[in-house]
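A look at the structure
Listed below are the residues making up each chain.
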Amino acid sequence: MLESSVLSACPHDCPDTCVMITTVRDGVAVKVRGNPDHPFTRGGLCVKVNDYEHRVYSSDRILQPLRRIGPKGSGSFETISWDAALAEIKTRWTAIIDESGPAAILPYSYLGTQGTLNGLSVGDAFFNKLGATISERTFCDSGAITAFFMTCGPTAAIDPESFVHSRFIVLWAINSISTNLHHWPFIAEAQRRGAKVVVIDPVTTRTAKAADWHINLRPGTDAALALGMINVIIAEDLIDHDYVERYTVGFEDLKARAAAFPPARVAEITGVAEDDLLALARGFATTQPSVIRMGVAIERSASGGNAVRALSCLPALVGSWRHCGGGIMHMPIWAFPVRWDALSRPDWIKPGTPVVNQWRLGQALTGELGLATPIRSLMVYNSNPIVVAPEQAKLEQGLSREDLFTVVSEQFLTDTARFADIVLPATTQLEQFDVMFSWGHLYLTLNEPAIAPLGEAVPNTELFRRLARTMGFDDPYWAMTDEDMAQMAFDWTSPALEGIDLATLRAKGYARLNVGSADDFVPHREGNSPTPSGKCEFKSSIAAGGNMVLPLFRQGYMGGQSGEALDPLPDYLPARESPQTNPQLASRYPLGMLSPKSHAFLNSSYGNLRKQLHHAGEQKVLINPADALTRGIAAGDVVRVYNDRGSFDAAADVSADTMAGIVVAPMGYWARR
Ligand SMILES: Nc1nc2c(c(=O)[nH]1)N[C@H]1C(S)=C(S)[C@@H](COP(=O)(O)OP(=O)(O)OC[C@H]3O[C@@H](n4cnc5c(=O)[nH]c(N)nc54)[C@H](O)[C@@H]3O)O[C@H]1N2
Ligand SMILES: Nc1nc2c(c(=O)[nH]1)N[C@H]1C(S)=C(S)[C@@H](COP(=O)(O)OP(=O)(O)OC[C@H]3O[C@@H](n4cnc5c(=O)[nH]c(N)nc54)[C@H](O)[C@@H]3O)O[C@H]1N2
Ligand SMILES: [Mo]
């Protein structure tokens, strides 16, 4: 018997990027476990990934290319060879390009794997060369990142491990215990040392239950609450004058803007009691180090970017940045010197190439978007839009078009893959090589292939090499091996990577970036904000200039080349569809719905696997007892949740864990499982 331990990394789109060890016996991966030496992973994996080998060897894996033989969506396929699949793609795409131009082809991807090589940017070079329509990857955080940059610039800002030093921790729109599990021990340690943990969430989540204080607010009103805090802090003179004077710009303007948010008005907008607002503002200002950890749900409304901007002003206003464990955490990804442009090749984009925001896929496919070049072919990889993108009914309608040629690269026959004409088999993380950055800690991680690819599955890097060859592209880009790509993907000469290379990663599996220790990570003690002014910009110069194209991986996260000048100051804009702001809509659909992340799924991944499905249980919808009563709904009743965009059935979970008027249905369940 031959047994070995292979250095692995969790591939998922999650801030934790766990460092794993895979036990391989006679060529078979028998177990994955968290690396006990890693300061963030600490030997533990989550309920999603701790049996990852079952995902790898699932009998439902797609291991050969497939060609559709039944109606679209039926899931009837025959296996074909890679050569036949590639030949068919070439024939169809060539005809489409000849007749309509390459913009009739739309790629669609997100973060099925987060690896630097196989993840976000993996298809960009190919599709840029082809001249396809650009799909803007806006699923997650592109709005928040833009807003954060406008105020603080691209900074790692705070080491999540430094939270042990924090004394006032605000978890704002994040359900850490489900979505950032490995950060929780640092928060719990701070709590043990006397820190107060506050959760701001319309739902009483697991995290809210573990906090010292849970503040409920109406969804989409975070900007008003943050501006209310600023108002109180200024009115009560709880500001750090020296920090504000030296290291910020626009204080007087911010003060004038916040004056429009007195506690009474904020209470009316947010539903947060005035006393709670006062206590929150005072606590944050006076209990140093104070810190805010933002989650992604803040950005999911009209006021989302504004909320992030207002929140990003708070630590500078009260001087939290002076302390280790103080500030605001968005994502420390900016500490990783990834060479996105070398991977994505934006220099190959032809001027005038159309752009489609990925939230609008349904509209793009049904023609509603009115694109000058209608979409005739779609290629999906690293994503499952039928489950994760909005307007499910429209998506299914678009994907059912007989004239749409759809290619999907997948590990499983997802709801989306069922609509494909050609399905191409993708490897899992244990079958591929990658180097992982993280958006939730400061370690670079290596993932070595633990086993040979199963069946005819290929890593995404190889998929695009094959497609490039098929389409006759001969740029040296596609002659690179994965290891060549890893050499290219990072600026190995940057200070953050000093002393780190593939050899050191191979020895240990991971390396902490060269950014100092978590006990002394205070990058903004003396300002040093990487904004145009070098200061924290309460009044944003980027907004005033109207230039929203940020120099960072335009095709990665960034979108929004609006060219419009934005309000240079944060403001509160009412949500477009809340009962308070859109009564006409509310008369038809009186309940609002949130669909946050599920504890046992990773977005829609694992929504088909036995253990995680068992853990998650059937699709539920949380409904407040008052709303249940008026509708005659009892606990456990199967109810239909619907609006004009889609519908699903769920078991009613009647509980005051959600406020009246808001129902909550965790995301990730597949329509067909
Ligand atoms: N278990 C698990 N972990 C995951 C994922 C997963 O699917 N499952 N997905 C990963 C990904 S891609 C991401 S982006 C992260 C996201 O992780 P989180 O940032 O935690 O994201 P969400 O679950 O979308 O939303 C967090 C909380 O925001 C609340 N919320 C909703 N609307 C509002 C609002 O308007 N204001 C406020 N204050 N709160 C609001 C929701 O009730 C929810 O509890 O998690 C990652 N980790
Ligand atoms: N209702 C609702 N919708 C949401 C959200 C929400 O909170 N609520 N959150 C949004 C957010 S924050 C995000 S990030 C998005 C996430 O959306 P996606 O990134 O699309 O996430 P998944 O649904 O997990 O789909 C990833 C797919 O990639 C496949 N995959 C995994 N590894 C590989 C690989 O190596 N190669 C290939 N070719 N495929 C692979 C997986 O099998 C899976 O089907 O969803 C968004 N949608
Ligand atoms: Mo996300």
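Nothing here was measured: the structure is a model prediction, and the numbers come from that model.

1. What about the layout of surface pockets?
Any space left empty among the atoms is revealed by the rolling of a water-sized probe across them. Its volume calculated, the second largest pocket comes out at about 560 Å³. Residue lining of the second largest pocket: 23 residues in total, with R206, K597, H599, D653 and P666 positioned closest to the centre. For the lining of the second largest pocket, the elements supplying multiple residues, two or more each, are α7 (206–210), α23 (610–616) and β23 (620–623). If you tally residues by element for the lining of the second largest pocket, the top one is β23, at 3 residues. When grouped by side-chain class, the residues that make up the lining of the second largest pocket number 9 nonpolar, 7 polar and 7 charged.

2. Some words on the environment of G73
Its place among the elements puts G73 in the loop between β4 (66–68) and β5 (77–79). Linking G73 and E391, residues 318 residues apart in sequence, is a C-alpha distance of 17 Å. Sequence-distant contacts of G73, defined by excluding residues within four places in its chain, comprise R418, F419 and R672.

3. Here's the deal with the packing of aromatic side chains
The full count for this structure, using the stated rule, is 24 aromatic pairs. For the pair W93 and F127, a centre-to-centre distance of 6.2 Å together with 65 degrees between the ring planes defines the contact as edge-to-face. Of this pair, W93 sits in helix α2 (residues 82–100) while F127 sits in helix α3 (residues 124–130), and the two are 34 residues apart along the sequence. A relative accessible area of 0% places W93 in the buried class. Since its relative accessible area comes to 3%, F127 is described here as buried. Judged by centre distance (5.8 Å) and plane angle (75 degrees), the rings of F127 and F464 are edge-to-face. Placement of F127 in helix α3 and of F464 in helix α18 (residues 460–470) is noted, with a sequence separation of 337 residues between them. Per residue, the accessibility class of F127 equals that of F464, and both read buried. A connected cluster of aromatic rings, assembled from ring pairs, spans W93, F126, F127, W348, Y381, F464, F473, Y477 and W478. Against the face of Y606 rests R55, its NZ or CZ located 4.7 Å from the ring centre. Above the face of the W348 ring, K129 is positioned so that its terminal group lies 4.1 Å from the ring centre.

4. A short note on the domain arrangement of the protein
Reports of interface size often rely on the accessible area that becomes lost once the parts have come together. The domain boundaries assigned to the protein delineate domain 1 (66–140 + 336–512), domain 2 (142–330) and domain 3 (583–664). On a C-alpha basis, the centroid separation for the pair domain 1 and domain 2 is 36 Å. Contact residues are listed per partner, giving 10 residues for domain 1 and 9 residues for domain 2. Buried area between domain 1 and domain 2, both sides added, is near 720 Å², and the carbon and sulfur share of it is 48%. Between the two partners, domain 1 and domain 2, sit 2 salt bridges.

What counts as what
- Residues numbered from 1 in each chain as written.
- Chains lettered and ligands numbered in written order.
- Predicted model: local features only at pLDDT ≥ 70, side-chain atom pairs only at ≥ 80, totals over all residues.
- Heavy atoms only, no water.
- 1 Å grid on protein atoms, 1.4 Å probe; cavity = no way out; pocket = protein on both sides within 12 Å on 5 of 7 lines; lining within 4 Å.
- Points joined across faces, edges and corners; volume = space filled by probe spheres on them.
- Helix = DSSP H or I, 4+ residues; strand = E, 2+ residues; numbered from the N terminus.
- Nonpolar A, V, L, I, M, F, W, Y, C, P; charged D, E, K, R; others polar.
- Contact = heavy atoms within 4.5 Å.
- Phe/Tyr/Trp six-rings, centres within 6.5 Å; stacked < 30°, edge-to-face > 60°.
- Buried < 20%, exposed > 50% of the residue type's maximum accessible area, 1.4 Å probe, protein only.
- Lys NZ or Arg CZ within 6 Å of the ring centre and 35° of its normal.
- Domains from an automatic or database assignment.
- Buried area = accessible area lost by both parts, 1.4 Å probe.
- Salt bridge = Lys/Arg side-chain N within 4 Å of Asp/Glu carboxyl O.

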